[in-house]
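What follows is the residue order along each chain.
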Amino acid sequence: MGRCVLEAKRIYEGSLILVNPEYGYREQEREDLVPAWEGMPKVQMERRAAVLLAELMGKIRGWERIVPVSGWRSRKEQQIIWEECLEESGEEFTRKFVAVPGHSEHQTGLAIDLGRRQEEIDFICPEFPYTGICGAFRRYAADYGFVERYPAGKETVTGIGHEPWHFRYVGVPHAHVMTGLGLTLEEYLDFMKDYPHGRKAYPCRVQGVEMAVSYLAGELGGETVLEIPGTVSGNNVDGFIVTVFLGR
């Protein structure tokens, strides 16, 4: 049984934090960034996400035909990209495909833009179709904790245009639940509020492991102590998502 002390500030930390036009990212010093792929060391991700991405790519031999286009960005870098895109492509295009500085998932280190390997790759909108090796990546993505973050038809929910190249690490089992139910991260976090911790949990089984997921409201200004065999992530809004491992 693990003991977890949840201070209020931990609401803004974890693999399930929501960063979108409404909720910004609280930038911090980063010591957990590593290359998403050794072949392009400047494209970095949070360590755990990079490890799982490497395992997924190893399964499908993905790095032979896929390249990492953009990973972690500082707010300063996001500002530069925003301004350059405004100048080159106009406000409508920029707001559709580039997050406002301070509100970009790339600042978390949990997001990666991927592109099919070819001679010329568009940095803002890389080609990543639903067939071939890119389709294979999608088929296994949830097994390694990744979801396509901005799917078609969800633009009014996410506030971002359809980006088939942008993937977000949310962890297992959350990626399986989101993919299976067709939920974006915004919708998943709302969905979990129907499962208050200690009263009700959402059951799921991933790769033979039984788990239960629930929502715990944050005590702003205080702390909550949990003793659970599992993990906890803040949601960057008002609380935590608790995952309890029940066994095989």
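None of the values given here were measured: they were computed from a predicted structure. (Residues numbered from 1 in each chain as written. Predicted model: local features only at pLDDT ≥ 70, side-chain atom pairs only at ≥ 80, totals over all residues. Heavy atoms only, no water.)

A. Local environment of the environment of Arg-65. Relative to the assigned elements, Arg-65 resides in the loop between helix H1 (47-60) and strand E4 (66-70). Residue class for Arg-65 comes out partly exposed when judged on its relative accessible area of 43%. Apart from residues lying up to four places away in sequence, Arg-65 is in contact with Ile-60, Gly-115, Arg-116, Arg-117 and Ile-133. (Helix = DSSP H or I, 4+ residues; strand = E, 2+ residues; numbered from the N terminus. Buried < 20%, exposed > 50% of the residue type's maximum accessible area, 1.4 Å probe, protein only. Contact = heavy atoms within 4.5 Å.)

B. Up close: the pattern of salt bridges. Applying the stated criterion across every chain yields a total of twelve salt bridges. One salt bridge connects Arg-30 with Asp-32, and the closest N-O pair in it is separated by 3.1 Å. We classify Arg-30 as buried; its relative accessible area is 19%. Overall, the relative accessible area of 26% leaves Asp-32 in the partly exposed class. In this structure, Glu-187 engages Lys-154 in a salt bridge whose closest nitrogen and oxygen atoms are separated by 3.0 Å. (Salt bridge = Lys/Arg side-chain N within 4 Å of Asp/Glu carboxyl O.)

C. Quick look at the sheet that holds strand E9 (residues 209-217). As summarised here, the arrangement of the four strands in space is E8-E9-E12-E11, forming an open sheet in which the pairing is antiparallel. Edge positions in the open sheet fall to strand E8 (202-206) and strand E11 (230-234), since each of these has one partner strand only. For this sheet the average axis-to-axis angle between neighbouring strands, irrespective of direction, equals 25°. Each of E8, E9 and strand E12 (239-247) is contacted by helix H6 (residues 174-181), which is oriented at about 105° to E8, the strand it contacts most. Set on the sheet, helix H7 (residues 185-192) makes contact with E8, E9 and E12; between it and E9 the angle comes to about 85°. (Pairing = 2+ DSSP bridges. Axes fitted to C-alpha atoms, helices over the stretch in contact; angles between N-to-C directions.)

D. Here's a closer look at the environment of Ala-142. For Ala-142, the location among the structural elements is in the loop between helix H4 (132-141) and strand E6 (146-150). Between the C-alpha atom of Ala-142 and that of Pro-164, which follows or precedes it by 22 residues, the distance is 15 Å. Setting aside anything within four residues of it in sequence, one finds Ala-142 in contact with Val-172, Ala-175, His-176 and Thr-179.

E. Focus on the pairing of strand E5 (residues 111-116). Here E5 lies mainly inside the structure; five of its six residues are buried. Inspection of the sheet shows E4 paired to E5 by four bridges, in the antiparallel sense. Bridging from a neighbouring strand, Ile-66 pairs with Arg-116 of E5. In terms of strand pairing, E5 meets strand E7 (residues 163-169) through three bridges, oriented antiparallel. Considered in E7, the bridge of Ile-112 is made with Phe-167.

F. Structural view of the side chain of Glu-163. Tracing the backbone through its elements, the reader meets Glu-163 in strand E7. If sequence neighbours within four positions are ignored, Glu-163 has contacts with Lys-96, Phe-97, Glu-148 and Tyr-150.

G. Just the nonpolar core, in detail. Leu-53, Leu-114, Phe-137 and Phe-146 are the most contacted members of the largest nonpolar core, which has 37 residues in total. Elements with a minimum of two residues in this core: H1, helix H2 (75-89), E5, H4 and E7. (Core = buried A, V, L, I, M, F, W, Y, C linked by side-chain atoms within 4.5 Å.)

H. Layout of the packing of aromatic side chains. Tallied over the entire structure, the rule returns ten aromatic pairs. A centroid spacing of 5.9 Å and a plane angle of 45° characterise the contact between Phe-97 and Trp-165, whose relative ring orientation is tilted. In this pair, Phe-97 sits in helix H3 (residues 91-97) while Trp-165 sits in strand E7, placing the two residues 68 residues apart along the sequence. Residue classification places Phe-97 among the buried residues on the basis of a relative accessible area of 17%. Taking the relative accessible area as the measure of exposure, Trp-165 reaches 5% and is therefore buried. Pairing Tyr-195 with Tyr-202 gives two aromatic rings, centres 5.4 Å apart and planes at 80°, and the pair type is edge-to-face. You'll find Tyr-195 and Tyr-202 in the same group, each marked buried. In this arrangement the basic side chain of Arg-26 is found over the ring face of Tyr-12, its NZ or CZ atom lying 3.6 Å from the centre. (Phe/Tyr/Trp six-rings, centres within 6.5 Å; stacked < 30°, edge-to-face > 60°. Lys NZ or Arg CZ within 6 Å of the ring centre and 35° of its normal.)

The quantities given are spatial measurements derived from coordinates; they are silent on function.
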